Amino acid sequence: MKPTLFLLAAGMGSRYGGLKQLDGLGPNGETIMDYSIYDAIQAGFGKIVWVIRKDFEEQFRNQILSKYEGQIPCELCFQALDALPEGFSVPEGRQKPWGTNHAVLMGKDVIKEPFCVINCDDFYGRDAFMQIGKYLSNLPEGAKNQYAMVGFRVCNTLSENGTVARGVCAYNEKRHLTDVVERTEIVRCAADGSNAGNATEPIRFKDEQGQWQPLEENVPVSMNMWGFTPDYFDYSEAYFKEFLSDPKNMENLKAEFFIPLMVNKLITEGTATCEVLDTTSKWFGVTYAADRQDTVDRIKRLVDEGIYPNKLF
């Protein structure tokens, strides 16, 4: 069974300002997600599913879905604040979405095959899709509890326009994920934090004490590119109820149910494994508004090199 590509497209980029999911960056107005879908088709994926907000469904259908007619089967599902298990309600004053793993849960009724979850506003690259597509396609029929994530080399994921947040990964001799530590400030800089963004400086992150610590160039980091089988939905549904039953998560109006939170629980308790797949792909995206022109230029170079056609679809 061909795997499905599941795109998280319900959020708005607060640092970028607006619906960057729909920003045309390619030579014919292609969005970043268009390139992801093109790469996924090349890698053998058989269906595309998006989770979006209901309020921009019409714009999304007109601007995005229409271009894939006849290319690959497509479906939509919707993330809403009140999409909660029976017996739970939205706390008064809560406006923030419930997080990435809540968004994943919205796909339960439409995804019945192995699937890859990605952000729609990150450019992952062809090799990354080839790696995760091969992994999911090679799973035996009915496989459970054997997940994967694409571990990007941190040197291939930096922005020239500021620090980035990355989940720094550790794994064992089988390349099974053992830990993900979120580092919110990663950048090339001097030991005192000066000269930030200079390509000749080593990569560093700021630790809990505010000190800059070195980070090896090829350390794998999570860019939210995960491979799951449908049993993941059942685990997520059960754990989301636990999450909502914790008073501190209901009192904190910004508490979120993230994918790494769910994965960490499953690998820590020994329920599932998560293989860390290596990729040579270079990530880029529009974390900051200043990243936009660099992204446009990078895509143009890839088109000029013949890696992508001038018009994708």
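Described in the following lines is the structure provided in the data block. All figures in this text were calculated on a predicted structure; none of them were measured in a lab. (Residues numbered from 1 in each chain as written. Predicted model: local features only at pLDDT ≥ 70, side-chain atom pairs only at ≥ 80, totals over all residues. Heavy atoms only, no water.)

With respect to the overall build of the protein chain
Assigned secondary structure in the protein chain consists of eight helices and 13 strands. Its C-alpha radius of gyration of 19 Å places the protein chain within 12% of the 20 Å reference for a compact globule of 313 residues. The C-alpha extent of the protein chain, read off along each of the three principal axes, is 55 × 50 × 45 Å. Going through the 313 residues of the protein chain one by one, you find that 50% of them count as buried. Within the protein chain, counting contacts between residues at least 6 apart in sequence, those at least 24 apart form 73% of the total. Computed over 33 positive and 44 negative side-chain charges, the inter-centroid distance for the protein chain is 2 Å. (Helix = DSSP H or I, 4+ residues; strand = E, 2+ residues; numbered from the N terminus. Rg over C-alpha atoms; globule rule 2.2 N^0.38 Å. Buried < 20%, exposed > 50% of the residue type's maximum accessible area, 1.4 Å probe, protein only. Contact = heavy atoms within 4.5 Å. Lys, Arg positive; Asp, Glu negative; His and termini not counted. Charge placed at Lys NZ, Arg CZ, Asp CG, Glu CD.)

Here we look at helix 8 (residues 291–304)
Helix length check: helix 8 (14 residues) gives 20 Å between terminal C-alpha atoms against 20 Å at 1.5 Å per residue, within 8%. Packed against the buried residues of helix 8 are helix 1 (32–42), strand 5 (122–123) and strand 13 (284–285). Directly after helix 8, the chain includes Gly306, whose backbone phi takes a positive value near 85°. (Expected span 1.5 Å × (residues − 1).)

Description of unusual backbone geometry
At Asn145, a position not held by glycine, the phi torsion is positive, near 65°. Within the fold, Asn145 resides in the loop between helix 4 (126–137) and strand 6 (146–153). Using a relative accessible area of 22% as the deciding quantity, one classes Asn145 as partly exposed. The backbone of Asn195 shows a phi angle near 60°, a positive value even though the residue is not glycine. Within the fold, Asn195 resides in the loop between strand 8 (177–188) and strand 9 (203–206). A residue is classified by how much of its surface remains accessible, and Asn195, at 40% relative accessible area, is partly exposed.

Digging into the pattern of salt bridges
Counted by the stated rule, this structure contains 18 salt bridges. Its salt-bridge partner being Lys47, residue Glu113 comes within 3.3 Å of it at the nearest N-O pair. Taken together, the residues Glu113 in the loop between helix 3 (100–105) and strand 4 (115–119) and Lys47 in strand 2 (residues 47–52) connect sequence positions 66 residues apart. Lys47 sits in the buried class, given a relative accessible area of 13%. Where Lys206 meets Glu185, a salt bridge forms, and the shortest distance between an N and an O atom there is 3.8 Å. Linking Lys206 in strand 9 with Glu185 in strand 8, this pair joins segments that are 21 residues apart in sequence. On the basis of relative accessible area, Glu185 is assigned to the partly exposed category, the value being 29%. A cluster of three or more residues bridged by salt bridges with shared partners is formed by Lys47, Glu75 and Glu113. (Salt bridge = Lys/Arg side-chain N within 4 Å of Asp/Glu carboxyl O.)

What to know about the packing of helix 5 (residues 231–245) against helix 7 (residues 259–268)
Each packed pair of helices is defined by two parameters, the angle between the axes and the distance between the axes. Closest axis-to-axis distance for the helix 5/helix 7 pair is 11 Å, and the angle between their directions is 105°. By the angle class used here, helix 5 and helix 7 are roughly perpendicular. Packed against helix 5, whose contacting residues are Tyr232, Tyr235, Ser236, Tyr239, Glu242 and Phe243, the element helix 7 presents Ile259, Leu261, Met262, Val263, Lys265 and Leu266 at the interface. Of the residues assigned to the contact of helix 5 with helix 7, the class counts are nine nonpolar, one polar and two charged. (Axes fitted to C-alpha atoms, helices over the stretch in contact; angles between N-to-C directions. Parallel < 35°, antiparallel > 145°, perpendicular 65-115°, else oblique. Nonpolar A, V, L, I, M, F, W, Y, C, P; charged D, E, K, R; others polar.)

Concerning the pairing of strand 2
Buried residues dominate strand 2, accounting for six of its six residues. On strand 2, burial covers both faces: Lys47, Val49 and Val51 on one face and Ile48, Trp50 and Ile52 on the other are all buried. With five bridges joining them, strand 2 and strand 3 (residues 74–78) adopt parallel strand pairing. Pairing of Ile52 across the sheet is with Phe78, part of strand 3. (Pairing = 2+ DSSP bridges.)

Some points on the pairing of strand 8
Sheet analysis places strand 7 (residues 164–171) next to strand 8, joined by seven bridges and oriented antiparallel. Note that in strand 8 the partner of Gly167 across the bridge is Glu182. Where strand 7 hands over to strand 8, the hairpin turn is made up of five residues, of which Arg175 adopts a positive phi near 65°. The pairing of strand 8 with strand 9 spans three bridges and is antiparallel.

Overview of the side chain of Gln79
By the secondary structure assignment, Gln79 is in the loop between strand 3 and helix 3. Looking at Gln79, its side chain comes within polar contact range of the side chain of His102, at 3.0 Å. In contact with Gln79, not counting residues within four places along its chain, are Ala10, Val51, Ile52, Arg53, Pro97, Trp98, Gly99, His102, Ala103 and Met106. (Polar contact = N/O pair within 3.5 Å; in protein donor to acceptor, adjacent residues only side chain to side chain.)

Looking at the layout of surface pockets
Volume-wise, the second largest pocket comes out at about 630 Å³. Together, 25 residues line the second largest pocket, and Asn156, Lys282, Trp283, Phe284 and Arg298 are the ones closest to its centre. The set of elements that each furnish at least two residues to the lining of the second largest pocket consists of helix 4, strand 8 and helix 8. When residues of the lining of the second largest pocket are assigned to their parent elements, the largest contribution, three residues, is made by helix 8. (1 Å grid on protein atoms, 1.4 Å probe; cavity = no way out; pocket = protein on both sides within 12 Å on 5 of 7 lines; lining within 4 Å. Points joined across faces, edges and corners; volume = space filled by probe spheres on them.)

Details of helix 7
For helix 7, the complete set of buried residues consists of Ile259, Met262, Val263, Leu266 and Ile267. Buried residues along helix 7 cover an arc of 125° about the axis, so they all sit on one side. Just downstream of helix 7 lies Gly270, where phi reads positive at about 80°. (Arc of directions from axis to C-beta.)

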